[in-house]
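# Examination of the molecular architecture
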Amino acid sequence: MIECRNLSKIYRNGDNETVALSGATFSVVDGEFLAIMGPSGSGKSTLMNILGLLDSPSGGRYILDGKDISKYSEDELADIRIRKIGFVFQSFNLLPRTSVIRNVMLPLVYEGVPRSGRRALAEAALRAVEFPEDRWEHLSNQLSGGQMQRVAIARALVNNPSLVFADEPTGNLDTKTGERVMAALRKLNREKGHTIILITHESEIAGYADRIITIRDGGIVSDLQNTAVHTV
Amino acid sequence: MLFSDIILETYIALTTNKARSGLTMLGIVIGIGSVIAMIAVGQGAQQSVQSRIQSIGSNLLMIRPGFARSPGQNVSQGQGSSTSLTLEDAEAIRADVPSLGAVAPSVAGNYQVIAGGSNTRTSVTGTLPAYMNVRNISIESGSFFTDLHDARRSKVAVIGPDVRDELFPEGEEVAGKKIRIKGIDFTVLGVTESKGGSGMDNSDDVIYVPLSTAIQYLTGTESISMISVTVADQEQMDAASAAIRELLLERHDIADSSSADFRIMNQADIVETASSVTETFTLLLGAVAGISLLVGGIGIMNMMLTTVTERTREIGLRKAIGAKRRDISRQFLSESVALTFLGGVVGVVAGWGAAALLTRFGGVATSVSGISVVLAFGVSAVIGIIFGYYPARRAARLNPIEALRYE
């Protein structure tokens, strides 16, 4: 579903040019669980932003589901994001002082799903991440970190995207909670067939994926199938 | 994004920080409220001036002495300062100008008036009984004086209701009572009916005495301060005015009508002059109030800019999820419009209330017109759009990646 050819990203700041990404070439098939691993500053966030249609590449071609979207406008990209892509962030980014269920329904608001259909979709997503039903009406800021990340995953799933990006999803969680969040992502990949792209700097976390792309100084240094997939 | 979603988001955003939303809205409330109240005061003044002038009668011509000029000099001493009009002029007008109704010459002055223990200073008009018809004066109790009183120079007076209240506060029957004007005893014949009005030109705060009595005992000169004339047919106003002008120019031996020593005014001229004055007054009040509305609008912009900055991460998230620029800008624009619109509603009510209080306790005539209310709503919505546009655009243009990283 994803095909990248020679993707590059150069940031210009006055006369300084910073190469954040160069010559990234790889493809991702439907249903894959892929980790992009690298130390901070390696360009993995830049790659995720481009793959997640939050940013445009400076060069190369990015073909998503057969369409070259390198030259799409900001609003056209937003339109694809709403239909095909879900995001899970390190810092959760839930709407504060807003109930769990409303947080999960947020993407449906922008997708234009009628009001009557939203709640059922949001409940299904919360069930899929095994979020306890008695906390659906709680406000997001009353939750623990692990619960917040589950809500964020449910939000990423609510519009049934084919592609889910998880940017350091365990970065703000303790090891135990992190493991549970990773298990939840694994389950979604195995059971519902969502393609998941995990961005992390920890090899421990990358170990949950089937395939690990290692990136360093803006270039891909290895692209390996993970033979020892973590199981929980 | 559905319209109802925008409304809901706006409601949540505004109620999250109620104190801030309330204070920002207060700026608009004060702005709109003062616009409504000030325009009400202006229009009230306009209406009361017009109705008072119209109550005098619409087929009225008033002839007053013009600017006094010494021969060979061009120094004006002010309107009405000359002593050019005489009783004979009035007689001549009555005799020679056709199609006139009544002709009433009058003199006027301000004098100290005493009755029993009370005293007041008021305007005394010396005139003929015809003045009643010319100026639409009605009698509430007693009677007006007659031509016989004038011929005999009787010391009789007809007083306005305000004068009665001032001099006889007990509310007793006043016909037959004595009052002293400029130290001379007059017998009260009756009281005129109230015509309303206030301020300098109050037709209720006046005393009428026979013209010849006034000339002999009060003013002491033969000159007339005004000749009021009604024209039988309103169509003939201009013709009558021209005929009077010609007659007086001839009688005063003036060849050039531009140097006439008198002025003829008709109702339309007076209404026009008064309107232009009160219109300016209304405009000035409105402009002052408009400035406070502008300040309120700047308050809105300030709050919206703060809100956008505070919610940068939220905006980044919404955009990452798939919100388009217009979704974001609509959301923020709707917040500022909701603030100004609600402020407008409260402001209209507050302004209306302020106008009512001014009328009740300040004695100021006010009139809240539908147009000013509609205008206030329109202006407040427009202010919401204008001052919300820049913050909303700023929010919509945020880069989602940077916004998500914003601390």
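Definitions and cut-offs
- Residues numbered from 1 in each chain as written.
- Chains lettered and ligands numbered in written order.
- Predicted model: local features only at pLDDT ≥ 70, side-chain atom pairs only at ≥ 80, totals over all residues.
- Heavy atoms only, no water.
- 1 Å grid on protein atoms, 1.4 Å probe; cavity = no way out; pocket = protein on both sides within 12 Å on 5 of 7 lines; lining within 4 Å.
- Points joined across faces, edges and corners; volume = space filled by probe spheres on them.
- Helix = DSSP H or I, 4+ residues; strand = E, 2+ residues; numbered from the N terminus.
- Nonpolar A, V, L, I, M, F, W, Y, C, P; charged D, E, K, R; others polar.
- Pairing = 2+ DSSP bridges.
- Contact = heavy atoms within 4.5 Å.
- Axes fitted to C-alpha atoms, helices over the stretch in contact; angles between N-to-C directions.
- Salt bridge = Lys/Arg side-chain N within 4 Å of Asp/Glu carboxyl O.
- Buried < 20%, exposed > 50% of the residue type's maximum accessible area, 1.4 Å probe, protein only.

### What about the layout of surface pockets?
For the second largest pocket, the calculated volume is near 620 Å³. Along the wall of the second largest pocket there are 33 residues; nearest its centre are A:Leu95, A:Pro96, A:Arg97, B:Arg311 and B:Glu314. Within the residue set of the lining of the second largest pocket, elements represented by two or more residues are α1 (3-16), α2 (18-56), α9 (267-310), α10 (312-321) and α11 (325-362) of chain B. In terms of residues, the lining of the second largest pocket owes the most to one element, α1(B), which gives 5 residues. Along the lines of polarity and charge, the residues of the lining of the second largest pocket split into 11 nonpolar, 11 polar and 11 charged.

### Structural notes on the sheet that holds strand β2 (residues 16-28) of chain A
Paired through their backbone hydrogen bonds, the strands of a sheet run either parallel or antiparallel. Residue and element names in this part refer to chain A. If you walk across this open sheet you meet the 4 strands as β2-β1-β4-β5, and the pairing is antiparallel. In this open sheet, the two edge strands, each paired with only one partner strand, are β2 and β5 (67-68). Examined bridge by bridge, strand β1 (residues 2-13) and strand β4 (residues 59-64) share 5 bridges and lie antiparallel to one another. Counted as the bridge partner of Glu-3 is Ile-63 from β4. Running over the sheet, helix α1 (residues 44-51) touches β1, β2 and β4 and is turned about 120° from β1.

### Side note on the sheet that holds strand β10 (residues 219-225) of chain A
Residue and element names in this part refer to chain A. The strand order across the open sheet formed by 6 strands is β6-β7-β8-β3-β9-β10, and the pairing between neighbours is mixed. The open sheet has two edge strands, β6 (85-88) and β10, and neither has a second partner. Taking the axes of each pair of neighbouring strands and ignoring which way they run, one obtains an average angle of 15° across the sheet. In this structure, strand β3 (residues 33-37) lies alongside strand β9 (residues 211-216), joined through 4 bridges in parallel fashion. The residue of β9 that forms the bridge with Ala-35 is Ile-212.

### Examining the environment of A:Ser162
Residues and elements named next belong to chain A. Looking at the secondary structure, you find Ser-162 in the loop between α5 (145-157) and β7 (163-167). Here the alpha-carbon distance between Ser-162 and Gly-31, two residues 131 residues apart in the chain, equals 8.3 Å. Apart from residues no more than four positions distant in its own chain, Ser-162 is found in contact with Met-1, Lys-84, His-194 and Thr-195.

### As for the pattern of salt bridges
Tallied over the entire structure, the rule returns 29 salt bridges over all chains. Via salt bridges that share partners, A:Arg102, B:Glu9, B:Arg311, B:Glu314, B:Arg318 and B:Glu335 belong to a single interconnected network.

### Quick notes on the side chain of A:Thr46
Position of A:Thr46 among the secondary structure elements: in helix α1. Discounting residues that sit within four places of it in the chain, A:Thr46 has contacts with A:Lys9, A:Tyr11, A:Ala20 and A:Leu21.

### Let's talk about empty space enclosed by the protein
Inspection of the entire model under this criterion finds 3 cavities of 30 Å³ or more. Within this model, the largest cavity holds a volume of roughly 70 Å³. As for the largest cavity, its lining consists of A:Ile85, A:Gly86, A:Phe87, A:Phe89, A:Pro107, A:Arg155, A:Ala156, A:Asn159 and B:Ile321. For the lining of the largest cavity, the per-class residue count stands at 6 nonpolar, 2 polar and 1 charged.

### Some points on unusual backbone geometry
All names here are of chain A. Located in the positive-phi region is Asn-160, a residue other than glycine, with phi close to 50°. Classification of Asn-160 by relative accessible area gives exposed; the value is 57%. One non-glycine residue, Asp-217, lies in the positive phi region at around 50°. Along the polypeptide, Asp-217 turns up in the loop between β9 and β10.

### Notes on the pairing of strand β7 (residues 184-192) of chain B
Residues and elements named next belong to chain B. Most of β7 sits out of view: 7 of its 9 residues are buried. As paired strands, strand β4 (residues 139-142) and β7 are joined by 3 bridges and run antiparallel to one another. Along β7, the bridge assignment pairs Ile-139 with Thr-192. In this sheet, β7 lies alongside strand β5 (residues 156-159) in parallel orientation, the contact comprising 4 bridges. Counterpart to Val-156 in the pairing with β7 is Thr-187. Pairing geometry for strand β6 (residues 178-181) and β7, over 4 bridges, is antiparallel. Residue pairing in the sheet places Ile-179 in a bridge with Phe-186 of β7. From the end of β6 to the start of β7, which pair antiparallel, there are 2 residues, and Lys-182 there has a positive phi angle of about 50°.

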